[in-house]
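# Architecture and fold: a report
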Amino acid sequence: MSPTVYREFVLVSSYDSNVWGLKLETGEQVWKFPTNGGIASTPAVDESSKYAVFGSEDTNIYAVDVRTGRVAWTQQTKGRVRSSPRVAHDHVFVGSDDGKVYAMNVLNGRQLWAFDTGAPVRSRPAVTNDMVIVGCESGEIFGISLSGQRKWSFRTRGAIYSSPYVDPNEGVVYFGSSDHFIYALDANSGVSSWRVRTTGPIIGSPVEFKGLLYFGSTDGNIYALNAQTSREKWKYSAGTPIVSSPIVFKGALYFGGTDNYFYCLDADNGKERWKFKTDGAITGGAAVTNDLIVTGSLDHSVYAFPLVL
Amino acid sequence: MDIFRRLFSNKPEPKNTGAAAAQKEQPPASTPASAAPPTPPSENKGAKTTVELEGRPAYASTGTLADGVTRPLPQDALIDLKGNEHIAFGQVTDVGMVRSNNQDSAYSFFSTSRSVLERPDFGLFIVADGMGGHHDGEKASAIAARSVFGTLTSKVYVPMLAGDERYNDVPITEAMTEAILKANGEIVQKVPDGGTTLTALMIIGDMAYMAHVGDSRLYLIHRDKLEQLTRDHSLVQRLLELDQITADEALDHPQKNVLYRALGQNEQIEVDTLMRRLPPRSRVLLCSDGLWNQVDERQIWEVVSQYPNPQDACSELVRRANASGGLDNVTVILLQLPG
């Protein structure tokens, strides 16, 4: 489960087939939205309509009011939806196990286009000013124009579950693959700039901050690479596979481990600041606000930690 | 210190002995007063230093990338290369005022096209500064530049032009590294007593990919900043990074020409690589140490900023290097980005 924080709410998708709307400050339940399948998709919130959009393994994409949990619209795909939506340009971009990436109007769910990647899409698309970038299970990653046309593709040797991260300043897209590599491509052309091999499949998504690229690998390490040179600045060994996606906030790097711990490292040097043990593996990402960081654990709990800087 | 002894143990060889050495040729002992190296702006390792120029905007020298931290570019609009504006470039190489032969080699290649196939602009620029007596230096730099150019055009440019996407199976920086390693093998085999630096820049669209060994340099000049993108693989640079010497001491260091990394030294060498998106109206300068040892960064920035034509700017840079003594061969390639 990966939480999404929106103002005073935290939304938690769960494999119990529900999306939970909680009060951010107290964790108290505000609403619960049931679907007919497990939910691996992290909700995305549209600021103007206040709709939270997510997919379910019941093959549907749902938009619900983030304040009440009331459904605004649903759209059915031809496969389970485990991809997390991205809201941008007043549209929702989301993939499905039917192999398609859908672009739909965020207000009514009307489909603008569907792009067939040929294999299940499990990751969250990245959206730039003029492009949608998405990876799929066949190992291919696509650059798609906002009108739904293929601009480029690039093939890795393993399934892509890692969501691409686009550095908006440099126009470079970073993503991991099950072939053990982390990749950097020119987001405009798909030309491959560099790749770095770890010793395990990369499932989680990378994040770039101040020229350093952070990501976890199932080899048990969190890596910090110079994004321009691909040289390793530091790595931190958690010992067990990391499938979650790290986030960086105010000089700290946060991520969960399959060793049940939630970690806080110094983003600059990789030194451990603190770690907290839950009663289950942490496989999803975390969400951060100005004074709280929220994450979910496979112990069926959602945790909120005060930010200690 | 053992590692340094090993890396830096090559003693300077007299000319024409044919001995392989990483020691680059030293200038004559009697240096004319007018050729005294100009004082560059003071540099803090890895930190930006700003130098006020009289009557001109300040420019910042960003030192080296040794800290591993990148510096984001200003939030410029991306270049629209679909129009009719393209990269312009100039190239000048000169033997200098002291040497009898030019051991530098330079390659410049730029291709642009307009068709429904929509191929991106492509450029490949190389500076190599040879070392070693008995013409070995010039042979080594020529082999290096020719070999790297040949490998990269055949492995990247030709397939890209033909629409064969297999060129993209190997990342560009990896292809550049492999090309340099191949060139290194050729030099070791064909010119065992020679060596060379090599700095290569590949442009695809507005992305720049760089690969570098030695102390030839690559600068990005944008607005009021001159940023050194490459890190010299020299003893003096290493000592600077380790805070063993100051920038002022580096200027007159007796071993300022000693390299710990160059093509032709060993079977295995490490290659630095870097990628950057080039901002509109920026300029990229490749040069051998014959330029930066003779002309300080402030002057380089001035010339590059003042001359609208890159070929004229290259000529002026070489003229200033020679006016400062011209102690070494000097090679400059300057690219000017549209926007």
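Structure first, text after, so check above.
Here's what I pulled together on the structure shown here.

## What to know about the environment of Met97 of chain B
All names here are of chain B.
- With respect to the helices and strands, the residue Met97 is situated in the loop between β3 (88-94) and β4 (104-111).
- Along the primary structure Met97 and Ser324 are separated by 227 residues, whereas in three dimensions their C-alpha atoms are 9.5 Å apart.
- Once residues within four sequence positions are removed from consideration, Met97 is found in contact with Asn322, Gly325 and Gly326.

## Observations regarding the packing of helix α7 (residues 297-306) of chain B against helix α8 (residues 310-323) of chain B
Residues and elements named next belong to chain B.
- Following both chains from N to C, one finds α7 and α8 inclined at 150°, their axes separated by 9 Å at the closest point. By the angle class used here, α7 and α8 are roughly antiparallel. Here the hand of the crossing between α7 and α8 comes out right-handed. Seen from α7, the contacting residues are Gln299, Ile300, Glu302, Val303 and Val304; seen from α8, they are Ala313, Glu316, Leu317 and Arg320.
- By residue class, the composition of the contact of α7 with α8 is five nonpolar, one polar and three charged.

## Observations regarding α8 of chain B
All names here are of chain B.
- Between its first and last C-alpha atoms α8 spans 20 Å; for 14 residues at 1.5 Å apiece the expected length is 20 Å, and the two agree.
- Among all positions of α8, only Pro310, Ala313, Cys314, Glu316, Leu317, Val318, Arg320, Ala321 and Asn322 are buried.
- Looking at the buried residues of α8, the elements they touch are β3, β12 (283-287), α6 (289-292), α7 and β13 (330-336).
- Measuring from the backbone nitrogen of Gln311 back to the side-chain oxygen at the start of α8 gives 2.7 Å, which picks out Asn309 as the cap.
- Gly325 sits one or two residues past α8 and shows a positive phi near 125°.

## Section: unusual backbone geometry
All names here are of chain A.
- Phi is positive for Lys50, close to 65°, though the residue is something other than glycine.
- Residue Lys50 is classed as buried on the basis of its relative accessible area of 17%.
- Despite not being glycine, Lys210 shows a phi value in the positive range, around 50°.
- Along the chain, the position of Lys210 falls in the loop between β21 (207-209) and β22 (212-216).

## Some thoughts on the side chain of Asn101 of chain B
Residue and element names in this part refer to chain B.
- Topologically, Asn101 is positioned in the loop between β3 and β4.
- Overall, the relative accessible area of 18% leaves Asn101 in the buried class.
- Here Glu138 takes part through its side chain, which lies 2.7 Å from a polar atom of the side chain of Asn101.
- Those residues in contact with Asn101 that sit more than four places away from it in its chain are Val95, His135, Glu138 and Asn329.

## What about the environment of Val132 of chain A?
Residue and element names in this part refer to chain A.
- Position of Val132 among the secondary structure elements: in strand β14 (residues 131-135).
- For Val132, a relative accessible area of 0% translates into the label buried.
- As a C-alpha pair, Val132 and Arg195 span 63 residues in sequence and 21 Å in three-dimensional space.
- In contact with Val132, not counting residues within four places along its chain, are Phe93, Trp113, Pro125, Ala126, Val127, Phe142, Gly143, Ile144 and Leu146.

## Notes on the sheet that holds strand β20 (residues 192-197) of chain A
All names here are of chain A.
- Across the sheet, which stays open at both edges, the four strands sit in the order β17-β18-β19-β20 with antiparallel pairing between neighbours. Each edge of the sheet is formed by a strand with only one pairing partner; in this case those strands are β17 (165-167) and β20. Averaged over all neighbouring strand pairs, the angle between strand axes comes to 20°, with direction disregarded.
- Looking at chain direction, strand β19 (residues 181-186) and β20 are connected through five bridges and run antiparallel. The partner of Ile182 across the bridge, within β20, is Val196.

## Details of the pattern of salt bridges
- The final tally for this structure, using the stated rule, is 30 salt bridges over all chains.
- Close ionic contact of Arg155 of chain A with Glu140 of chain A constitutes a salt bridge, the shortest N to O distance being 3.0 Å. Residue Arg155 of chain A is located in strand β16 (residues 150-155), and its partner Glu140 of chain A is located in strand β15 (residues 140-145); the two are separated by 15 residues in the primary sequence.
- The salt bridge involving Lys190 of chain B is made with Glu186 of chain B; its shortest N-O contact spans 3.2 Å. Remark: Glu186 of chain B and Lys190 of chain B occur in helix α3 (residues 172-190); sequence separation between them is four residues, near one turn of the helix.
- What makes Glu186 of chain B buried here is its relative accessible area of 13%.

## Details of the interface of chain B and chain A
- Every contact between the two is made by 27 residues of chain B and, on the other side, 27 residues of chain A.
- Summing both sides of the interface, chain B and chain A together bury roughly 2,300 Å²; the carbon and sulfur share of this comes to 40%.
- Joining chain B to chain A, the criterion identifies five salt bridges.
- Between Glu270 of chain B and Arg231 of chain A there is a salt bridge, with the nearest N and O atoms lying 3.0 Å from each other.
- Broken down by element, the residue count for the side of chain B that touches chain A peaks at six residues, all from strand β11 (residues 272-277) of chain B.

## Details of the pairing of strand β18 (residues 172-176) of chain A
Residue and element names in this part refer to chain A.
- By the criterion of burial, β18 is predominantly enclosed, with five of the five residues buried.
- Burial of β18 is two-sided: the residues Val172, Tyr174 and Gly176 facing one way and the residues Val173 and Phe175 facing the other way are all buried.
- Of the pairings in the sheet, the one linking β17 to β18 comprises three bridges and is antiparallel in character. Bridge pairing in β18 links Val166 to Val173.
- The hairpin turn running from β17 into β18, its antiparallel successor, is four residues long, and Gly171 in that turn takes a positive phi close to 65°.
- Bridge count between β18 and β19: five bridges; the pairing is antiparallel. In the sheet register, Val173 faces β19, and the bridge partner there is Leu185.
- Linking β18 to β19, which pair antiparallel, is a turn of four residues; within it His180 sits at a positive phi near 85°.

Basis of the calculations
- Residues numbered from 1 in each chain as written.
- Chains lettered and ligands numbered in written order.
- Predicted model: local features only at pLDDT ≥ 70, side-chain atom pairs only at ≥ 80, totals over all residues.
- Heavy atoms only, no water.
- Helix = DSSP H or I, 4+ residues; strand = E, 2+ residues; numbered from the N terminus.
- Contact = heavy atoms within 4.5 Å.
- Axes fitted to C-alpha atoms, helices over the stretch in contact; angles between N-to-C directions.
- Parallel < 35°, antiparallel > 145°, perpendicular 65-115°, else oblique.
- Left-handed = near helix turned anticlockwise from the far one by under 90°.
- Nonpolar A, V, L, I, M, F, W, Y, C, P; charged D, E, K, R; others polar.
- Expected span 1.5 Å × (residues − 1).
- Buried < 20%, exposed > 50% of the residue type's maximum accessible area, 1.4 Å probe, protein only.
- Polar contact = N/O pair within 3.5 Å; in protein donor to acceptor, adjacent residues only side chain to side chain.
- Pairing = 2+ DSSP bridges.
- Salt bridge = Lys/Arg side-chain N within 4 Å of Asp/Glu carboxyl O.
- Buried area = accessible area lost by both parts, 1.4 Å probe.

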